[in-house]
Amino acid sequence: GRAYLADQLLRAGTSISLNIAEGAGEYSGSEKIRFYRMAKRSATECAGIFDICKQLEIVNGELFVKGRELLGRIVAMLIK
């Protein structure tokens, strides 16, 4: 009954990779920044979805910790 969360997580997660790829293909510094900013927003959205899933008890603790750690690393790379 929570398929909408899985769908949103899939779309936001896909958006991270696609925006990083688009940013990497840009020559203009301002365009690179724009795509990397969108990737960061999608990563923080994924973290929010993970938080909701944890509150609803539909994700186990180990998966939650691993997912949040990975998203934290992605965001750190994008804002460096």
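Cut-offs used in this document
- Residues numbered from 1 in each chain as written.
- Predicted model: local features only at pLDDT ≥ 70, side-chain atom pairs only at ≥ 80, totals over all residues.
- Heavy atoms only, no water.
- Axes fitted to C-alpha atoms, helices over the stretch in contact; angles between N-to-C directions.
- Helix = DSSP H or I, 4+ residues; strand = E, 2+ residues; numbered from the N terminus.
- Parallel < 35°, antiparallel > 145°, perpendicular 65-115°, else oblique.
- Left-handed = near helix turned anticlockwise from the far one by under 90°.
- Nonpolar A, V, L, I, M, F, W, Y, C, P; charged D, E, K, R; others polar.
- pLDDT = per-residue confidence, 0-100.
- Core = buried A, V, L, I, M, F, W, Y, C linked by side-chain atoms within 4.5 Å.
- Buried < 20%, exposed > 50% of the residue type's maximum accessible area, 1.4 Å probe, protein only.
- Contact = heavy atoms within 4.5 Å.
- Expected span 1.5 Å × (residues − 1).
- Arc of directions from axis to C-beta.

With that settled, consider the packing of helix H1 (residues 3-24) against helix H2 (residues 29-55). In helix packing, the relevant descriptors are the interaxial angle and the interaxial distance, both defined with respect to the helix axes. Their axes nearest at 8 Å, the elements H1 and H2 cross at an angle of 160°. Relative to H2, H1 is oriented roughly antiparallel. When the axes of H1 and H2 are compared, the crossing they make is left-handed. Each residue belonging to the contact of H1 with H2 can be placed in one class, and the counts come to 16 nonpolar, six polar and three charged.

So, about the confidence of the model for the protein chain. With 100% of its residues at a pLDDT of 70 or more, the protein chain shows a mean pLDDT of 95. When mean pLDDT is taken per element in the protein chain, H1 scores highest with 97 and helix H3 (residues 61-79) scores lowest with 95.

So, about the nonpolar core. Ranked by internal contacts, the top residues of the largest apolar core, which has 16 residues, are Ile16, Ala43, Cys46, Cys53, Leu71 and Ile74. Looking at this core, the elements with two or more residues in it are H1, H2 and H3. A total of seven residues in this core trace back to one element, the largest contributor, which is H2. Not counting residues within four places of it along the chain, the set of residues in contact with Cys53 comprises Leu5, Ile58 and Val59.

What follows deals with H1. In this model H1 runs 32 Å from its N-terminal to its C-terminal C-alpha over 22 residues, within 8% of the 32 Å that 1.5 Å per residue would give. Residues of H1 that are buried include every one of Leu5, Ala12, Ile16, Asn19 and Gly23, and no others. Projection of H1 onto a plane perpendicular to its axis shows the buried side chains occupying an angular sector of 85°, all on one side. Every exposed residue of H1 that faces more than 90 degrees away from the buried side is listed here: Ala3, Leu10 and Leu18.

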